[in-house]
Amino acid sequence: MFTYERRANYYETDMMGIVHHSNHIRYFEESRLAFMKSFDCDAIQMERDGIIIPNVDAYARYYAPVRFDEVITIEPKLIYFNGTRMEYAYTARKENGEIAATGHTMHCFVRPDFKPISLRKAYPRYYQKLLAQVTPQE
């Protein structure tokens, strides 16, 4: 299980003193990029290789507020991958283990001209690495 840890910054909070809801989507993205890098699917290198990974859907559900300087741990899971699309599920937990937020993001793979590509055909090395990380939803 891969986890990504980060501390909430002051500038990420709102007038109520809690992390603004939009930042959870950013946290999810940070965790996804760190997860992908951990198994040699670094987004920067993939872009250099001609693969762009746009986000086509994002969702978050909030359970407990995160405040300035609190540490949260995000667990990204690749729950769906078919070579042209992938979906991640996320669970963000506070230091006491309480769930702060859950969510998902959906992505596709395109060339720099935004034409869709299949990693299975065009980039089998990346296809195999991503496929090996799939953890279906329970």
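As shown above, the structure is provided for reference.
Report on the accompanying structure.

Procedures and definitions
- Residues numbered from 1 in each chain as written.
- Predicted model: local features only at pLDDT ≥ 70, side-chain atom pairs only at ≥ 80, totals over all residues.
- Heavy atoms only, no water.
- Buried < 20%, exposed > 50% of the residue type's maximum accessible area, 1.4 Å probe, protein only.
- Helix = DSSP H or I, 4+ residues; strand = E, 2+ residues; numbered from the N terminus.
- Arc of directions from axis to C-beta.
- Contact = heavy atoms within 4.5 Å.
- Phe/Tyr/Trp six-rings, centres within 6.5 Å; stacked < 30°, edge-to-face > 60°.
- Pairing = 2+ DSSP bridges.
- Axes fitted to C-alpha atoms, helices over the stretch in contact; angles between N-to-C directions.
- Core = buried A, V, L, I, M, F, W, Y, C linked by side-chain atoms within 4.5 Å.

Some points on helix α4 (residues 124-131)
Looking only at α4, the buried set comprises Tyr 126, Tyr 127 and Leu 130. Take α4 and look down its axis: the buried residues cluster within an arc of 105 degrees, on one side only. In the core, the buried residues of α4 are packed alongside α2 (43-48), β3 (71-81), β4 (85-94) and α3 (119-122).

Structural notes on the packing of aromatic side chains
Using the criterion set out here, one finds nine aromatic pairs in the structure. Here the aromatic rings of Tyr 10 and Phe 68 are separated by 5.5 Å at their centres, their planes lie at 85 degrees, and the arrangement is edge-to-face. Taken together, the residues span a long stretch of sequence, with Tyr 10 in the loop between β1 (4-7) and α1 (22-38) and Phe 68 in the loop between β2 (55-62) and β3 at a distance of 58 residues. Residue Tyr 10 is classed as exposed on the basis of its relative accessible area of 59%. Ring centres of Phe 35 and Tyr 88 lie 6.2 Å apart, and the angle between their planes is 85 degrees; this geometry places the pair in the edge-to-face category. Within this pair, whereas Phe 35 is found in helix α1, its partner Tyr 88 is found in strand β4, the two being separated by 53 residues in sequence. We classify Tyr 88 as buried; its relative accessible area is 0%. Clustering of aromatic rings is evident, with ring pairs tying together Phe 2, Phe 28, Phe 35, Phe 39, Tyr 88 and Tyr 90.

Details of the environment of Thr 91
Relative to the assigned elements, Thr 91 resides in strand β4. For Thr 91, a relative accessible area of 21% corresponds to the partly exposed category. For the pair Thr 91 and Ile 53, spaced 38 residues apart in the sequence, the C-alpha separation amounts to 21 Å. Excluding its chain neighbours within four sequence positions, the residues that come into contact with Thr 91 are Thr 73, Ile 74, Glu 75, Ile 99, Ala 101 and Thr 102.

Examining the sheet that holds β2
Pairing is antiparallel in the open sheet, where five strands are placed in the order β1-β3-β4-β5-β2. The sheet is open, and its two edges are formed by β1 and β2, each paired on a single side. Averaged over all pairs of adjacent strands, the angle between strand axes in this sheet comes to 20 degrees, irrespective of strand direction. Two elements, β3 and β4, share nine bridges in a ladder whose sense is antiparallel. Directly across from Lys 77, in β4, lies its bridge partner Ala 89. Across the sheet, α4 is in contact with β3 and β4; its angle to β3 comes to roughly 115 degrees.

A look at the nonpolar core
Ranked by internal contacts, the top residues of the largest apolar core, which has 30 residues, are Ile 51, Met 86, Phe 109, Leu 119 and Leu 130. Mapped onto this core, the elements with two or more residues apiece are α1, β3, β4, β5 (99-108) and α4. In this view, Leu 119 contacts Met 46, Ile 51, Phe 81, Gly 83, Phe 109, Pro 124, Tyr 126, Tyr 127 and Leu 130; residues no more than four positions away in its chain are not counted.

Some details on the side chain of Arg 32
Summarising the element assignment, Arg 32 is placed in helix α1. Classification of Arg 32 as buried rests on a relative accessible area of 5%. With residues near it in sequence (within four places) discarded, Arg 32 still touches Pro 76, Tyr 88, Tyr 90, Thr 105 and His 107.

Description of the environment of Thr 135
Residue position: Thr 135 is located in the segment after α4. A sequence separation of 77 residues divides Thr 135 from Ala 58, and the C-alpha atoms of the two residues are 19 Å apart. Not counting residues up to four positions away in its chain, the partners in contact with Thr 135 are Lys 77, Leu 78 and Ile 79.

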